[in-house]
Every structure is written in C-alpha cells, then in structure tokens.
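If you want the building blocks of each chain, they are given just below.
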Amino acid sequence: MMRKLLMIMGLALLTVSAQAGKPWDNGKLRVSDNQRYLQFENGQPFFWQGETGWLLPERLDRAEAEWYLQSCAKAGYNVVQVQTIDGVPAINIYGQMSNVDGWNMTPFTSGKSGKSGLSGTYTYWDHMDYIVDMAAQHGIYIGMVCIWGGLVKAGKLSVEDAKKYGTFLANRYKNKPNIIWFMGGDIQGDIKPEVWESLATTIKSIDKNHLMTYHPRGRYTSAKWWSKAEWMDFHTFQSGHRRYGQRMGNKDYPIPDNTEEDNWMYVDSTWKFNPIKPVLDAEPSYEDIPMGLHDTNEPRWKDYDVRRYAYWSVFAGSCGHTYGHNAIMQMLKPGYPTSYGDAGDVKTWYQGLKDPGFSQMQYLKRLILSFPYFERVADQSVILENGEKYNRLIATRGNDYLLVYNYNNNNMKLDLTKISGAKKNVWWMTAATGKLKYLGEFDNKVLTFRYHPQSARVEDGVLIVVDSDKDYLKKDQTELSPDGYKAKERDLNE
C-alpha cells in the first residue's frame, strides 16, 4: 500500500512539474545584445545557475536520476553539466555501452521511433534520452560535454569519427528544448584542435537551436583558443581547485603565483579577446574536495569557499555560475571508488545534496534577478579602499542599485554617488541564508559601512544599496523572491 501511495505521489509531482512553465517557453536561448549575458528570444534574462553532475549518465539509474534532478530544481539550478561519455565505450549502470561498433552509431538509430535497433534493448543512449527528458520536466538544461578531453588527447576520436559522432548527437537532440553543447572537457584547446573543430562544426551544421561553448583546462579561459570560432556562442573558464600559493610543482602555470583563488580575474582576461562574449566559471573549487584535489591531508573546500567563488565571478561580470560538489560530481555511492580525497569519510552523492553549499547558490541567482538585469556592470570604482585575496571587496551595479560582496566583514568605504538617487536605502544580505536586514536610509555621498558578525563563523554577505525612489526591495522584506524583480519587464521595453 505504501509503495502504491509513493507511486501516486510521484506521478502527481511529475504532473505538476510538467504543467509548470518552463524556461524555454520564453523561446530559445541567445546571447544578449550587449554580448555579456544570456537571454531568451522574448528578451527575458537567463541567469545560469549550474550544477556539476559529470557522471550522471554512467552511474545513476532512472529512479536516482529523477531524484537528483528534482533535488536540483528545488535548489534553483537551471543547468546540469554532464559528461555524455567518459570512455570509448562508456558503460552505464545498466551495463550498456555508448559504442558497440566503434563510431558507427547506426545501431542506435535503426529502430522504431529513433530508438535502438539492438533487439529492443534499453540502450546507453535511451538512458541519456531519459535523463534529458526528465531534466526538461524539471525545467533544467543539460550541458552536454560531448566527450571528455582526455579521450580526445589519447586519440580515441579522430576528425572523421568526430563528424560521425557529431552527426549522431545533433540529429538525436536538435529538437530537445533543453540542450547546451560543450566542446572540450578539462583540456587545452590547442590539443587536437582539429577534432574539436570537426565535432563543433558538424553539430552546428545540423542543430540550429542550441548554444555551444568549450570547457577548458584548469586556470584557463576558452577564449585563449576559440575567441574567433564561429561556433563559439559564449565562453567558460575553469578557475580550478587550488588555494593561494598551491603551485604544486606545475611548470606550465598560466597565471601569476598567489592568484589561484582569484577567479574574478578570468572575466576581465576573457573580455580582452574580441569579439566580447558572455563568460562564466564552469568549474570552480568543489565543495568537500581537498584543496589541490588529490592529497587527503589537505583541508577541504567549504560552503563559504564555494560562495566566495560564485559571488566574485558573477560580480566581476559573469553571466552565471556553476557549483560543484566532490561526491555529487562523481555520483559516489557504495561500490564506486573515488578519485579525489578518499580518507575513509567520502560522502555519497545523496549525502552531498544535504551539504550547505548545494542549496545556497540560489540566493545569488535571486539577488541578481531582483534588479534590472542587462544594465548591470562590474564597477570597482565604487570601492575607495580595498584589500587583497580574502580581504578583497567586489562591486557590481546598475543605474540605480549597487551590490558589494564582502567575505571577511571588512570596512566598506563606498562612493554612493555612482548610482542615481539623493537618498539611498541599504540592506545586508547574508550569503549563507539569503536573509535580508534593512540598515536604513543614507545620504548620497561617500560612506563607510561595516557588518558586525554574530558568531566566529564566516558570515560573508552583500551590501545592497538602492536609490530610495525605487521599489525593488521593501524595507520590511526579509528574503528575496525566487522569481526576482517582478517588474523586470522594464528592462525589455525601455
């Protein structure tokens, strides 16, 4: 009886989800007119709140995939990044292979209704279809990293095979509403560039509906290699997993020493390439992974670390952010080994869903969408006295609002004249909870603010300053709306 009740409840949840409005009801995704953000065809903004589910297609069954995607939607995520295949062949939880005849993909397209011709078997690609469709029911885009970079580096995909594979992928998913294509996969763009070019252009020649980007090696931006590529719609960077000063003997180090955690700098470095395109951090430090990845004696990144990476990047101008968790990105569960930080206390993926950082990313998304979107710019001139590393303040603003992220509760000497208004209303938002506290109305001049922490824990947050003639927030408001600024249509019509 209980099992039957759970099935009925599950069907009810799916029905509600299916009936709810979906992001793509606003049209296809495209680059905004100012080339710095993403939006829908009808002009509504799209703020990328990504989750890292690299091994979802290989390690989770249908029931687990549904639970995971439902959890992502509940936490506000609208993109899940996955490794489409992590081997040639990749083998999923059902024992099904991604390749059964090299790169001849016709065995997966010769059945009825485009399903497998392999004796009616539920194939690897049928399972991928299920994941894509389940994500769509929950309003989530699947960021499909077509093949992991190490496989291309090892010669597992040639230029001609990339054409075959790209043709298969594009035809299979071109009509799905929730696909975003990723080339690369933790690899420099100058390693087998002809393969990436072949795969990307093949997909783009068939699929006119979806955006495409490239996932680079740690401490690189995709713009280094692909700024002029016609198939490249927006850029990503991987700020990586090392702490300040953790060079680890790497001779090929593309950034200055002691800047390892400064992910904000990749936005500026990406926009030095022309033409300007939107950019985001597609792989920052993961929650609960050892600093530097492999040494179990190293401290692990905490929720306040992943929050800092998110706010630093977005306030620098990113069009969104991708969160990751050590256990979730590997989809760890009993019977599966971990590659990172096994000290006998590695969580399962479903335990990782309960870690604080997983649910805290939604407050950044709510914050950014609470104000006019496309006018937002990074502006460090708002801050008159600043620090370095963890003491760095970072500011972003529109015409009549400004936001300053403060990690270490430092004094904030700010020039409020940078935005409109003779008087300014000021709030503090605690980044860990999204809770708002109204601080009062202030004159339009240079003022120094200080948030006083309530405990010994890290209490990072955002100082919010708004022209007092604007009504984006109410003085008695204690939290931000999940829907953002109700009148944001103003952005679209002006």
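Residues numbered from 1 in each chain as written. Predicted model: local features only at pLDDT ≥ 70, side-chain atom pairs only at ≥ 80, totals over all residues. Heavy atoms only, no water.

Enquirer: Help me get a handle on unusual backbone geometry, residues and values and all.
Expert: Here the bond from Val88 into Pro89 is cis, since omega is 5 degrees, no more than 30 degrees from zero. Tracing the backbone shows Pro89 in the loop between strand 5 (79–83) and helix 4 (124–137). One non-glycine residue, Arg219, lies in positive phi territory at about 70 degrees. Inspection of the secondary structure puts Arg219 in the loop between strand 8 (212–215) and strand 9 (220–221). A positive phi is found at Asp288, a non-glycine position, where the angle reads about 65 degrees. (Helix = DSSP H or I, 4+ residues; strand = E, 2+ residues; numbered from the N terminus.)

Enquirer: Any chance you could break down the pattern of salt bridges for me, citing the residues and the numbers?
Expert: Scanning all chains against the criterion turns up 23 salt bridges. The partner of Glu261 in a salt bridge is Arg308, and the shortest N-O contact between them spans 3.0 Å. Placement of Glu261 in the loop between strand 10 (235–238) and helix 9 (265–270) and of Arg308 in helix 10 (residues 303–315) is noted, with a sequence separation of 47 residues between them. Here Glu261 and Arg308 have matching classes, each one buried. Between Lys435 and Glu479 there is a salt bridge, with the nearest N and O atoms lying 3.3 Å from each other. Note that Lys435 is positioned in the loop between strand 17 (423–430) and strand 18 (436–443) and Glu479 in the loop between strand 20 (461–467) and helix 14 (489–493), a separation of 44 residues in sequence. Accessibility expressed as a relative area gives 43% for Lys435, which makes it partly exposed. For Glu479, a relative accessible area of 42% corresponds to the partly exposed category. Connected through shared salt-bridge partners, Asp288, Arg300, Lys347 and Asp355 make up one network. (Salt bridge = Lys/Arg side-chain N within 4 Å of Asp/Glu carboxyl O. Buried < 20%, exposed > 50% of the residue type's maximum accessible area, 1.4 Å probe, protein only.)

Enquirer: I'd like to hear about the environment of Pro256, residue by residue, with values.
Expert: When you line up the elements, Pro256 lands in the loop between strand 10 and helix 9. Relative accessible area serves as the criterion here: at 52%, Pro256 is assigned to the exposed category. Residues Pro256 and His215, 41 residues apart in the sequence, show an inter-C-alpha distance of 21 Å.

Enquirer: Please provide a residue-by-residue account of the sheet that holds strand 1 (residues 29–31), values included.
Expert: The three strands are arranged 1-2-3 in an open sheet whose pairing can be described as antiparallel. Bordering the open sheet on either side are strand 1 and strand 3 (45–46), each of which pairs with just one other strand. (Pairing = 2+ DSSP bridges.)

Enquirer: Kindly report on the environment of Arg62, identifying the contributing residues and their values.
Expert: By the secondary structure assignment, Arg62 is in helix 3 (residues 62–74). Dropping the residues within four chain positions of it, Arg62 is found in contact with Tyr94, Tyr122, His127 and Tyr130. (Contact = heavy atoms within 4.5 Å.)

Enquirer: Run through the sheet that holds strand 20, naming residues and quoting values.
Expert: In sheet architecture, strand pairing relies on hydrogen bonds along the backbone and comes in two forms, parallel and antiparallel. Taken together, six strands build an open sheet; the order of strands is 13-14-15-20-17-18 and the sheet is antiparallel. Of all the strands in the sheet, the pair left with one neighbour each is strand 13 (377–378) and strand 18. For strand 13 and strand 14 (residues 394–397), the ladder comprises two bridges, and the chain directions are antiparallel. Bridge pairing in strand 14 places Ala378 opposite Thr396. Relative to the sheet, helix 10 contacts strand 13, strand 14, strand 15 (401–406), strand 17 and strand 20, its axis offset from that of strand 15 by approximately 145 degrees. (Axes fitted to C-alpha atoms, helices over the stretch in contact; angles between N-to-C directions.)

Enquirer: Tell me what's going on with the side chain of Arg366, and back it up with residues and numbers.
Expert: Relative to the assigned elements, Arg366 resides in helix 13 (residues 356–368). There is a polar contact of 3.3 Å between the side chain of Arg366 and the backbone oxygen of Leu480. Excluding anything up to four places from it in sequence, Arg366 contacts Leu480, Ser481, Pro482 and Gly484. (Polar contact = N/O pair within 3.5 Å; in protein donor to acceptor, adjacent residues only side chain to side chain.)

Enquirer: If you had to explain the packing of helix 4 against helix 6 (residues 159–173) to someone new, which residues and values would you point to?
Expert: Two numbers describe how helix 4 lies on helix 6: the axes approach to 12 Å, and their chain directions differ by 45 degrees. With respect to helix 6, the element helix 4 is oriented oblique. Between helix 4 and helix 6 lies a crossing of right-handed hand. The segment helix 4 lies against helix 6, with Trp125, Asp126, Met128, Asp129 and Val132 engaging Tyr165, Phe168, Leu169, Arg172 and Tyr173. (Parallel < 35°, antiparallel > 145°, perpendicular 65-115°, else oblique. Left-handed = near helix turned anticlockwise from the far one by under 90°.)

Enquirer: Describe the pairing of strand 4 (residues 48–52), naming the residues involved and giving the relevant values.
Expert: Looking down a regular strand, the side chains alternate between one sheet face and the other. Along strand 4, five of the five residues are buried, which leaves the element largely enclosed by surrounding structure. The pairing of strand 4 with strand 12 (residues 320–323) spans four bridges and is classified as parallel. Of the residues in strand 12, the one forming a bridge with Gln49 is His321. Bridging between strand 4 and strand 5 involves three bridges; their strand directions are parallel. If you follow Thr52 over to strand 5, its bridge partner there is Gln81.

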